[in-house]
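What follows is the residue order along each chain.
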Amino acid sequence: MKRIENYDLSARNTFGMKVKCALYIEYDTVDELKSLDYKALPQPLLHIGGGSNLLFTGDFPGTVLHSNVKFLKYVDMGLDEVLVTAGAGVVFDDFVAEVSGQGLWGAENLSLIPGEVGAAAVQNIGAYGVEVKDIIAGVVCLDTKDWSKTIFKTPECAYGYRDSRFKHEKGRYVITSVLFRLNRRYSPRLDYGGVRAALEGHDLSALKPSEVRDAIIGIRRAKLPDPAELGSAGSFFKNPVIPREHFERIAEGNPVAPHYDLPDGTVKVPAAWLIDQLGFRGQREGGAQVYEKQPLVIVNATGSATPAEIIALEQRIIAKVKEKYDIVLHPEVEHI
Ligand SMILES: Cc1cc2nc3c(=O)[nH]c(=O)nc-3n(C[C@H](O)[C@H](O)[C@H](O)COP(=O)(O)OP(=O)(O)OC[C@H]3O[C@@H](n4cnc5c(N)ncnc54)[C@H](O)[C@@H]3O)c2cc1C
């Protein structure tokens, strides 16, 4: 177990914010985690993964916990279905690479999403028509109330769009491992975001999960910043959902406004489009910048952007979108 006081978190958040925490603890086993005297640690407590959905708004006065529990185990090799369990500290994309390489379907559309397995189950990460809840069979946690082991089946996780019970009961459960259900049966999902087009020239009837993975990696690399080169936390805002009448007012002046009709009659509007319409692409606030290739992403363009600069840019965007479209954007990135 690693235990470091006054710890520099720069390398632990993909935005690259230069902030510190009073204490950083990285545990290698679940027993080490259980052995901690939570009440005696500097408060508050924050469990992080890869720090790829976080914006630290300043130094953190308490304890930051991080799992180094890394294992991958094939627990049931049925005829079609295969159950795999992964430690919360496994890099999510390492898991995707492994199972896709084994010819198992289900995870490939989630290729190259930064972060770790534990947080993926908190966030219900999604991309290219798939959400991680689609392949989760169960989530193993420690309940910090009494350190009991609790296993939630997928319906008990209350999954929604980038949402779960773990977000609403933040701090109560530490996820220690996740059970995934994958499939040997040919089941690619190609009808989303240019995946099919990226596979042109491939024999679609004989595709392998690793080919879909490679196509998705290609698409993502072309439009999203690599956190190793340019700091960001991915999509900064959630896509707003508005009443149909509201959308129709927007569409009067913009007949090509992109949107998705939802089953309940409301309309989801891409936040990237709203931001782009207002000319924010490339705009800066000190070292913070709206990413040129994808205006939903705010990047740490200089490597030395401060939390205050990122928040100033965020607030400018929120104010303008509200003024022009009467829509309040909400950040997807968690502010700490
Ligand atoms: C370039 C880029 C692209 C991205 N693309 C996508 C995308 O396509 N789709 C998508 O959904 N997201 C995307 N993201 C966002 C991000 O990758 C996901 O939200 C990811 O799941 C965060 O994982 P993490 O390990 O970094 O978690 P962190 O950001 O460290 O934490 C996220 C949350 O999980 C909690 N948490 C972490 N570990 C545990 C644990 N073991 N137990 C309990 N709680 C825990 C934290 O307290 C926090 O609330 C992108 C981010 C970047 C930087």
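Cut-offs and rules
Per chain, residues are indexed from 1 in the order of the written sequence. Note on the predicted model: pLDDT of at least 70 is required for a residue's local features to be given, and 80 or more for side-chain atom pairs to be given and counted; whole-chain, interface and lining totals, by contrast, use all residues. With hydrogens and water set aside, each side-chain value is computed from the structure's full complement of heavy atoms. Partly exposed residues are those whose accessible area sits between 20% and 50% of the maximum for their type, while under 20% is buried and over 50% is exposed, using a 1.4 Å probe and protein chains only. Runs of E in the DSSP output that reach at least two residues are strands. Runs of H or I that reach at least four are helices, and both are numbered from the N terminus. DSSP bridges decide pairing: two strands pair if at least two such bridges lie between them. Start and end points for every domain follow an automatic or database-based domain assignment. Should any heavy atoms of two residues lie within 4.5 Å, those residues are counted as being in contact. By convention, the term buried area covers the 1.4 Å-probe accessible surface removed from two parts as they join, with the contributions of both added. Salt bridge, as used here, is a side-chain nitrogen of Lys or Arg placed within 4 Å of a carboxyl oxygen of Asp or Glu. Nitrogen and oxygen atoms within 3.5 Å of one another constitute a polar contact, given that in protein one can donate a hydrogen and the other can accept it, and given that sequence-neighbouring residues count only through two side-chain atoms. One heavy atom within 4 Å of a molecule or strand makes the whole residue count as near it. Think of it as three bins: nonpolar holds Ala, Val, Leu, Ile, Met, Phe, Trp, Tyr, Cys and Pro, charged holds Asp, Glu, Lys and Arg, and polar takes everything else, Gly as well. Residues enter a nonpolar core if they are buried and are Ala, Val, Leu, Ile, Met, Phe, Trp, Tyr or Cys, with the set joined through side-chain atoms within 4.5 Å. In this context, the arc is that of the directions from the helix axis out to the C-beta atoms.

### Focus: the pairing of strand β19 (residues 297-300)
Part 1: Burial along β19 is two-sided: the face carrying Val297 and Val299 and the face carrying Ile298 and Asn300 are both buried.
Part 2: For strand β13 (residues 231-235) and β19, the ladder comprises three bridges, and the chain directions are antiparallel. Along β19, the bridge assignment pairs Ser232 with Val299.
Part 3: Pairing of strand β18 (residues 288-290) with β19 involves three bridges; the strand directions are antiparallel. Residue pairing in the sheet places Val290 in a bridge with Ile298 of β19.
Part 4: If you look at the hairpin formed by β18 and β19, you'll find six residues sitting between the two strands.

### A few points about the sheet that holds strand β16 (residues 267-268)
Part 1: In space, the three strands of this open sheet follow the order β14-β16-β15, with antiparallel pairing throughout. Each of the sheet's edge strands pairs with one partner strand only, and the pair in question is β14 (241-242) and β15 (260-261).
Part 2: The sheet contact formed by β15 and β16 spans two bridges and is antiparallel. Bridge pairing in β16 places Tyr260 opposite Lys268.

### Quick notes on the pairing of strand β3 (residues 45-48)
Part 1: Of the two faces of β3, only one is covered, namely that formed by Leu46 and Ile48; the face formed by Leu45 and His47 stays uncovered.
Part 2: Bridge count for β3 against strand β5 (residues 60-67) is four bridges, and the pairing is parallel. Across the sheet, the residue bridging to Leu45 is Thr63, located in β5.

### Brief notes about the domain arrangement of the protein
How big an interface is tends to be reported as the loss of accessible area on association of its parts.
Part 1: Here the protein is described as being made up of domain 1 (2-67), domain 2 (72-223) and domain 3 (231-335).
Part 2: Domain 1 and domain 2 are separated by 25 Å when their C-alpha centres are compared.
Part 3: In this assembly, 13 residues from domain 1 lie in contact with 12 residues from domain 2.
Part 4: Buried surface at the junction of domain 1 and domain 2, both sides included, amounts to about 1,000 Å², of which 65% is carbon and sulfur.
Part 5: Three residues, Lys34, Tyr38 and Ser67, lead the burial of domain 1 against domain 2; their summed loss comes to 36% of the area buried on that side.
Part 6: Taken together, domain 1 and domain 2 are joined by zero salt bridges.
Part 7: Taken together, the links from domain 1 to domain 2 amount to two residue pairs in polar contact (both at pLDDT 80 or more).
Part 8: Secondary-structure elements contributing two or more residues to the side of domain 1 that touches domain 2 are α1 (30-34), β3 and β5.

### Comments concerning the site of the ligand
Part 1: Around the ligand there are 32 residues in total, and His47, Gly50, Ser52, Lys170 and Glu334 lie nearest to it.
Part 2: A distance of 2.7 Å is found between an oxygen atom of the ligand and a backbone nitrogen or oxygen belonging to Gly49.
Part 3: Within the contact set of the ligand, an oxygen atom lies 2.8 Å away from a backbone nitrogen or oxygen of Pro114.
Part 4: The leading source of residues in the shell around the ligand is helix α3 (residues 117-123), at four residues.
Part 5: The residue inventory of the shell around the ligand, partitioned by class, reads 15 nonpolar, 12 polar and five charged.

### Considerations on the nonpolar core
Part 1: Counting residues in hydrophobic clusters, the biggest one holds 44 residues, and the most contacted among them are Phe237, Ile310, Ile317 and Leu329.
Part 2: Contributing elements (two or more residues each) for this core: β2 (20-27), β3, β4 (54-55), β5, α7 (244-253), α8 (271-277), β18 and α9 (307-325).
Part 3: When residues are assigned to domains, this core turns out to be shared by domain 1 (2-67) and domain 3 (231-335), each giving three or more.
Part 4: Setting aside residues no more than four positions away along its own chain, Phe237 makes contact with Ala271, Ile275, Leu296, Glu314, Ile317, Ile318, Leu329, His330, Pro331 and Glu332.
Part 5: Counting 42 residues, the second-largest nonpolar core is a separate cluster that includes Ala86, Val99, Tyr173 and Leu207.

### Examining helix α2 (residues 92-101)
Part 1: Buried within α2 we find Phe92, Asp93, Phe95, Val96, Val99 and Ser100. Angular distribution of buried residues about the axis of α2 spans 150 degrees; they occupy a single face of the element.
Part 2: Where the residues of α2 are buried, they touch β6 (72-77), β7 (81-87), α3, β12 (173-183) and α6 (209-223).
Part 3: With its phi angle positive at about 80 degrees, Gly103 sits one or two positions after the end of α2.

### Observations regarding unusual backbone geometry
Part 1: Put simply, Gln43 and Pro44 share a cis peptide bond, and its omega is -5 degrees.
Part 2: In this structure, Pro44 sits in the loop between α1 and β3.
Part 3: You will see that Asp326, though not glycine, has its phi angle at about 55 degrees, which is positive.
Part 4: Given a relative accessible area of 44%, Asp326 falls into the partly exposed group.

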